[in-house]
There are 2 protein chains.
Amino acid sequence: MSKLNSVGKSEIRKDAVSKVTGESLFINDVKFPDMLYAATVRSPAPHIKILGINDAEARKLPGVKGIYYAKDIPGENKVPLVFQDYPFLADKTAQFQGQAVGLVVADDPISARRAAALVKIKYKELPAVFDPLEALRKKSPKIYGKDNVFKKFVIKKGDIKKAKADVEIEDTFTVNYQVHAYLETQGAIAVPRDDGGMNVYGSMQCPFYVQDAVAKVLGETYNKVKIVQQTTGGAFGGKEDVPSIVCGHAAMLARLTGKPVKLIYSREEDFQSMSKRHPGWVKIKYGAKKNGKIVFCKVKYILDGGAFATLSPIVLWRGTVHASGPYEIDNVLIETYAAATNKVPCGAYRGFGQPQVSFANESLIDMLAEKLNMNPARLREINAIRKGGTTATNQKITESIGLLKTMALSKKSAGWAKKWKKPSARKGVKKYGIGMASSIYGVGLGAGGQHLAKSGSFVQIEPDGSVIIAVGNTEMGQGARTVLSQIAAETLGAPYEIVDMMPTDTSRVPDSGPTVASRTTVMSGTSVMNACKVIRGRIDKVVRKKLKAKGKVLSENGFYKIGNKKISYTEVIAECWAERVHLSHAGWFRVEGTTFGEKDGQGDPYYVYTWSTMIAEVEVDTETGLVEVLNFISAHDIGKAINPREAEGQIQGGSLQGIGYALSENLVIVKGRMLNPNFTGYIIPTIMDSPDIKPIIVEEKYPKGPYGAKGLGEPPLICAAPAIANAIYNATGKRIKALPMIPERVKCA
Amino acid sequence: MSKLNSVGKSEIRKDAVSKVTGESLFINDVKFPDMLYAATVRSPAPHIKILGINDAEARKLPGVKGIYYAKDIPGENKVPLVFQDYPFLADKTAQFQGQAVGLVVADDPISARRAAALVKIKYKELPAVFDPLEALRKKSPKIYGKDNVFKKFVIKKGDIKKAKADVEIEDTFTVNYQVHAYLETQGAIAVPRDDGGMNVYGSMQCPFYVQDAVAKVLGETYNKVKIVQQTTGGAFGGKEDVPSIVCGHAAMLARLTGKPVKLIYSREEDFQSMSKRHPGWVKIKYGAKKNGKIVFCKVKYILDGGAFATLSPIVLWRGTVHASGPYEIDNVLIETYAAATNKVPCGAYRGFGQPQVSFANESLIDMLAEKLNMNPARLREINAIRKGGTTATNQKITESIGLLKTMALSKKSAGWAKKWKKPSARKGVKKYGIGMASSIYGVGLGAGGQHLAKSGSFVQIEPDGSVIIAVGNTEMGQGARTVLSQIAAETLGAPYEIVDMMPTDTSRVPDSGPTVASRTTVMSGTSVMNACKVIRGRIDKVVRKKLKAKGKVLSENGFYKIGNKKISYTEVIAECWAERVHLSHAGWFRVEGTTFGEKDGQGDPYYVYTWSTMIAEVEVDTETGLVEVLNFISAHDIGKAINPREAEGQIQGGSLQGIGYALSENLVIVKGRMLNPNFTGYIIPTIMDSPDIKPIIVEEKYPKGPYGAKGLGEPPLICAAPAIANAIYNATGKRIKALPMIPERVKCA
């Protein structure tokens, strides 16, 4: 095996300089000549019948170029997501406060917003439902189908009724919304093309979803709709579904006006209208033997989907698959529901249905440990899935299983053995506590998105040896551009410095699915690697000819080597060009064989799993209820860190988002009205709130991943909240069963 | 063989609507925010030593942002063309009037031009040479090397001294410049990228030449330099080399200012500075037997290259290879030279060194026919290369040889047999005449550009079945976008309407050589076809599965068929996407085996030839010298017309340019000073000057071309001038031996 030249090194981020210097162009920095600006007219109430619209005053405003409604849509008024229930613009009814009803275009953004505010929607309020449990009751107002159920799933492994436990424990947990709080709000610019097509530039994660949406809203063929991702200021799942709407609106207006149209959301309307992490309700029960072996797990998990399905079905699916945690349990029954309510739709947020259920199951593990009079770390170790073990879906784990290692290393790093004491042992007003939680994370879309489990790429070596790569996944701050450049550099034998990725553009590569689910390193990485291997094969032939040698060609520090003969990369590439060797290739990768039984949820839902353990140390002020996280350890088995520093960055960022989710982020919606749609009222952690987050990388190689890598993006958030909840309990003896664990709750618990 | 669905049909041009409606965006229509405008400071005299520059006054002009010179170039001051003799900006000396010395950037184009006019170059004039024959003399001032010879070639077949002729004839012919007179002058916009790279948009034929130039002038790696061809308003060879300079200048200024920079040439500076068709001098001699069989041909051919080599070496090469015409002659001696003079450099113009020498050899054929007392058509038929015959380079022509057919069909169409009479038979002041000329045209770059004989492509079928193609060659009005879409549609079985080509972009496809030499249909066409075949192979598997049938899959009107079973294209593509079949591919094509002996010019310089015959009918006013072309027949064996209407358009446009070259286009440069750099003084034919040009397409299939096609772009111009010269002689008995045949010359001959 060749020594690695770039993979495994902490190469400098490709976008580091331009982001630090401010040269990066985010969508709001971009202008086109004769560009118009748009603003959105929104539903003033949670559930309304639209009786009429009076926009006479708005149209009189200087600079206003047009106001458009559902009837003006050139194509279809359905946002193509998992279902087709969400209209681009509300027509006869609107189902949540903030839903888009109309669009204004004007010469400048202020006039557009002013005009939008002047549009008067005449309406009558319809009966509404705001609580997901109520929504599922027979007599509730129905806003989706006959039962308000977007989706339900069942997992049934073994038979929980036959399982004989010595100890049983059950409790109910609730979690609130989480808002993505990306630095950059939603935004897009649509530009009519001179061939009649439409180019759309925007802040987004999933350009192919957007392409689909824009093609549909315009009634245009896909080859005339080019979507280019602009430098994106954070996404975290929040730019998975919503850009389909934002870009669809911009494209529709560009088509109707014949001009470029920019649509940028204010922070408030971003809060009010964009998909969030689902609030949820989890009732969970474990049964265990005295020795700690868990023999059954029963879960009922309900997500509050909001007014339209968007991604709820697949968010629910991931939560379902992982509802019983990273443990081998022979008897499992999981029932899950995504319910419709008259609130802002919920969608993807880092973790995708898992943090909610992880808060429940990992809190309950600690409660079970206490009942068993056992160190909770020990209980986790006893039940942890090992090589050859099975998951809740009865998937046999045969490789790349580093769960116990994440537990061992994080315990060692924290000094768990010395620091963990029973809750009753803590004294004083300010109390110290330590808590732990673990998780299993299925990498990629799995069986829930099998049709999307594909990834295209394009790799080209230029005449001077520099390399262009293009993929269908996006750089949104997570480091894809850097990591994929490293994989290409490694596979081609090219210096990392002269490899770079083009902005993601739907016309360059085939639909490669979304940039979600920690799938980019594996999916785009393998696709890029596959393309590079084809090109490398052509290069190797030239190397053998030039070196007059046979056998395997290795690469090292800008040279190709066979035995002790070597020749520089630059010289070989020049020779390839002189011989007119084809140095471009379109790569492809698809994943086969994931399964999930309709009736019992049994099967192999994911091709590989990332395993994680987190330990939180906290100090709880028992008088104020304020929780300070003193230290945070976040350990993840990711197969292989292509770029260790970037992996550590992912771990730190994700864990801090998990801390915010645990302690402070509290969106308040009362009777469908959002009360704090801004950072004054919705508190995210700042650097002052951040503990020293210590990342630990475990590398249990995944042989089918690029250079052994699995996925990392989502796991660092997932079990942060239960680790903190367990630490709070460890400090105070008080079990907080609702997120966020704001001071009021901690104090009053 | 499957029936053809799109190839061979006169499908509607892809750019027809946007060009007719004015929606097409040419480079001057494009704006970027904060864009600056550039203008060029030029050498005031033909050969100068620069002593100093005073730009104080220019810098004071409001709006001026900077003035830059050779010393400010971030990278290398050499335009990378065939040689490296041409600097982006003159440093110590300038070698022609109009050569770029400095560049001004300003807030608006008028201020930029005003400032450029205010820059004072202090200089002393150096000895200059303006005539190529004088340039080759020992005592002439030397501006290139020791002998002013950019390049020389020799072709030696047989031994002209041993050839025994009954009749010999020799004469000397001269030809003048021809200016491309495209509708749109040279122009570019360079835009700094937020990753430190540079995007350049411009009017151009050869984006990869431009990429090379921009990378060099900036000192940047190629993967950071993306060149995108903007809709281009005509080129004809004039946008082959010059855009490297224009785009290089814009890129340099964008780098130095950090802003987008637009540089658009005025018509006058375009005339003064851009490469033109070479003036030339041809001395030619034929020897023939009494029966008309030509036994030897001797040619001395000198091109006036101007101040820098640009493309002169390869223009000369094509002229050399074709200097003895489309005839089988056993003994040939051709000596050719490209000489340096202190005038604007010459480069590529449709025909590329051939129209000059064709004027000489096809005029002399008629003179020989008269000496032999033979119908000139008959003399051509006797000597025409037939299947199995050999060219001047001793290349054996084994296939696709329709020369005699072009002669027969054009004669028939003209009524030659009845109309052609000996010159003495014509009476009156206004005299009717008919003339003929034929040519051989090597398709593509041949051995003279073997390293460029490659072509990349990218083809992608979108989820709705619509198709994107991308190639490295450009659409510049000749119809590439349409023809390549037809080839893709045909090969994939897709409806033509949903196939289209992306704007040419160097980052999408590998260096595919230039868009010149009638090479695009064969080179990019085959590359696209190759890519489509790979994708089609994947599609066919799905068709067989869906139809539960084996065997060859045919396509017909949007359906795939096996035997009598059929399934729609749309259904199959949907199934391919459902199965995640990879529907993208990067295609490649390269041509092997062309040769040209250094010493004797023997070999197979081209892989295939297009054969042409033109017949002109004229009326000459013997009192004014005015020649009216009454009728013009232009017949070409092009293998296969992918789109007959587009092919006819090429023939008509090229022939009319040939008529302008023959009769009116007369650039006057006196002592290195251009006297008529505009359309007031330089007369191109208008629609009022255009006769009915009748295109005749002969299809002698070229088995290795896409669907049998060869090249057509250049041939329609090549032998127009000698056909008209022969017609004038036929009318008047006066042999005009210099182009253009303006009234003064015709009257005084």
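Remember, it's a predicted structure, so these values are computed and weren't measured experimentally. (Residues numbered from 1 in each chain as written. Chains lettered and ligands numbered in written order. Predicted model: local features only at pLDDT ≥ 70, side-chain atom pairs only at ≥ 80, totals over all residues. Heavy atoms only, no water.)

Draft legend 1. Geometry of the overall build of chain A. Tallying secondary structure elements over chain A gives 19 helices and 28 strands in all. At 26 Å, chain A has a C-alpha radius of gyration in line with the 27 Å of a compact globule built from 749 residues. Counting only C-alpha atoms, chain A reaches 80 × 75 × 50 Å along its principal axes. In chain A, which comprises 749 residues, the share counted as buried stands at 67%. Residue pairs at least 24 apart in sequence account for 81% of intrachain contacts in chain A once pairs closer than 6 positions are excluded. (Helix = DSSP H or I, 4+ residues; strand = E, 2+ residues; numbered from the N terminus. Rg over C-alpha atoms; globule rule 2.2 N^0.38 Å. Buried < 20%, exposed > 50% of the residue type's maximum accessible area, 1.4 Å probe, protein only. Contact = heavy atoms within 4.5 Å.)

Draft legend 2. Focus on the pattern of salt bridges. Per the stated rule, a full pass over the model turns up 80 salt bridges over all chains. Between Glu57 of chain A and Lys120 of chain A there is a salt bridge, with its nearest N and O atoms 2.9 Å apart. With Glu57 of chain A in helix H2 (residues 56-60) and Lys120 of chain A in strand S6 (residues 120-125), this pair connects stretches of sequence that are 63 residues apart. Residue classification places Glu57 of chain A among the partly exposed positions, given a relative accessible area of 41%. We classify Lys120 of chain A as partly exposed; its relative accessible area is 41%. Glu592 of chain B serves as the salt-bridge partner of Arg590 of chain B, at 2.9 Å between the closest nitrogen and oxygen. Relative accessible area serves as the criterion here: at 34%, Arg590 of chain B is assigned to the partly exposed category. Taking the relative accessible area as the measure of exposure, Glu592 of chain B reaches 49% and is therefore partly exposed. One network of salt bridges, with partners in common, ties together Arg13, Asp15, Lys19, Glu475 and Glu646 of chain A. (Salt bridge = Lys/Arg side-chain N within 4 Å of Asp/Glu carboxyl O.)

Draft legend 3. The domain arrangement of chain A, seen in detail. All names here are of chain A. Looking at chain A, the domain boundaries give domain 1 (16-23 + 454-590), domain 2 (31-126 + 186-264) and domain 3 (280-447 + 596-748). Listed per partner, the contact involves 19 residues of domain 1 and 20 residues of domain 3. When domain 1 packs against domain 3, the two sides together hide about 1400 Å² of surface, and 67% of this comes from carbon and sulfur. Looking at the side of domain 1 facing domain 3, the largest losses of area belong to Ala517, Ser518 and Val522, adding up to 36% of the total buried there. Put simply, domain 1 and domain 3 have 0 salt bridges between them. (Domains from an automatic or database assignment. Buried area = accessible area lost by both parts, 1.4 Å probe.)

Draft legend 4. Up close: empty space enclosed by the protein. All names here are of chain A. Applying the stated rule across the entire model yields 12 cavities of 30 Å³ or more. Taken together, Ile314, Trp317, Arg318, Phe352, Gly444, Leu445, Gly448, Gly449, Val516, Ala517, Tyr606 and Glu714 form the lining of the largest cavity. For the lining of the largest cavity, the per-class residue count stands at 7 nonpolar, 3 polar and 2 charged. (1 Å grid on protein atoms, 1.4 Å probe; cavity = no way out; pocket = protein on both sides within 12 Å on 5 of 7 lines; lining within 4 Å. Points joined across faces, edges and corners; volume = space filled by probe spheres on them. Nonpolar A, V, L, I, M, F, W, Y, C, P; charged D, E, K, R; others polar.)

Draft legend 5. Just the packing of helix H9 (residues 354-371) of chain A against helix H18 (residues 720-732) of chain A, in detail. Residues and elements named next belong to chain A. The geometry of H9 relative to H18 is characterised by a closest axis approach of 8 Å and an angle of 35 degrees between their N-to-C directions. For the element pair H9 and H18, the recorded crossing hand is right-handed. Where H9 abuts H18, its residues Ser358, Phe359, Glu362, Ser363, Asp366 and Glu370 lie against Ala721, Pro722, Ala725, Asn726 and Tyr729. Here the residues of the contact of H9 with H18 are counted per class, giving 5 nonpolar, 3 polar and 3 charged. (Axes fitted to C-alpha atoms, helices over the stretch in contact; angles between N-to-C directions. Left-handed = near helix turned anticlockwise from the far one by under 90°.)

Draft legend 6. The arrangement of the interface of chain A and chain B in detail. On the side of chain B, 53 residues touch chain A, which itself brings 53 residues to the contact. Summed over both partners, the interface of chain A with chain B comes to about 4400 Å²; 53% of that surface belongs to carbon and sulfur atoms. The largest contributions to the chain A side of the interface with chain B come from Asp194, Asn223 and Arg580 of chain A, which together make up 19% of the buried area. Linking chain A with chain B are 8 salt bridges. A salt bridge links Arg580 of chain B to Glu592 of chain A; the shortest N-O distance between them is 3.4 Å. The interface formed by chain A and chain B holds 40 residue pairs in polar contact (both at pLDDT 80 or more) in total. Of all the elements in the fold, those that place two or more residues in the side of chain A that touches chain B are strand S17 (454-461), strand S18 (467-471), strand S19 (499-501) and strand S23 (584-590) of chain A. It is S23 of chain A that contributes the most residues to the side of chain A that touches chain B, 6 residues altogether. Of the residues belonging to the side of chain A that touches chain B, the class tally is 18 nonpolar, 16 polar and 19 charged. (Polar contact = N/O pair within 3.5 Å; in protein donor to acceptor, adjacent residues only side chain to side chain.)

Draft legend 7. Molecular detail of the relation of the copies chain A and chain B. Superposition of chain A onto chain B requires a rotation of 180 degrees combined with a translation of 0.0 Å along the rotation axis, giving an RMSD of 0.0 Å. These values place the two chain copies in the arrangement generated by a two-fold rotation axis. Closest to the rotation axis within chain A is the C-alpha of Ala586 of chain A, separated from it by 2.8 Å. The fraction of interface residues of chain A whose copies in chain B are also interface residues reaches 100%, indicating that both copies meet through the same surface. (Least-squares fit on C-alpha atoms with pLDDT ≥ 70 in both.)

Draft legend 8. Geometry of the packing of aromatic side chains. Applying the stated rule across the entire model yields 35 aromatic pairs over all chains. Considering the side-chain rings of Tyr86 of chain B and Phe308 of chain B, the 4.4 Å spacing of their centres and the 10 degrees angle between planes classify their relative orientation as stacked. Taken together, the residues Tyr86 of chain B in the loop between strand S3 (64-69) and strand S4 (93-94) and Phe308 of chain B in the loop between strand S14 (294-306) and helix H8 (312-321) connect sequence positions 222 residues apart. Residue class for Tyr86 of chain B comes out buried when judged on its relative accessible area of 7%. Ring pairing ties together the aromatic residues Phe153, Trp317, Phe596, Tyr606, Tyr609 and Trp611 of chain A, which thus form one cluster. Above the face of the Tyr661 of chain B ring, Arg277 of chain B is positioned so that its terminal group lies 4.8 Å from the ring centre. Directly above the ring of Tyr729 of chain B sits Arg735 of chain B, whose terminal nitrogen or CZ lies 4.6 Å from the centroid. (Phe/Tyr/Trp six-rings, centres within 6.5 Å; stacked < 30°, edge-to-face > 60°. Lys NZ or Arg CZ within 6 Å of the ring centre and 35° of its normal.)

Draft legend 9. Expanded view of the nonpolar core. Counting 99 residues, the largest nonpolar core has Tyr286, Ile724, Ile728 and Met741 of chain A as the members making the most contacts within it. Those residues in contact with Met741 of chain A that sit more than four places away from it in its chain are Phe359, Ala662, Leu663, Ala721, Ile724, Ala725, Ile728, Ile736 and Val746 of chain A. If you look at the next biggest cluster of nonpolar residues, it comprises 96 residues, including Ile143, Ile314, Leu316 and Ala369 of chain B. (Core = buried A, V, L, I, M, F, W, Y, C linked by side-chain atoms within 4.5 Å.)

Draft legend 10. Inspection of unusual backbone geometry at higher detail. A cis amide bond, omega -5 degrees, links Leu739 of chain A with the succeeding residue Pro740 of chain A. Residue position: Pro740 of chain A is located in the loop between H18 and helix H19 (743-748). Although it is not a glycine, Ser400 of chain A sits at a positive phi angle of roughly 55 degrees. Relative to the elements of secondary structure, Ser400 of chain A occurs in the loop between helix H10 (376-383) and helix H11 (403-414). For Ser400 of chain A, a relative accessible area of 7% translates into the label buried. Of note in the backbone geometry, Asn557 of chain B takes a positive phi value of approximately 50 degrees without being a glycine. Following the sequence through the fold, Asn557 of chain B ends up in the loop between strand S20 (554-556) and strand S21 (559-562). Residue classification places Asn557 of chain B among the exposed residues on the basis of a relative accessible area of 57%.

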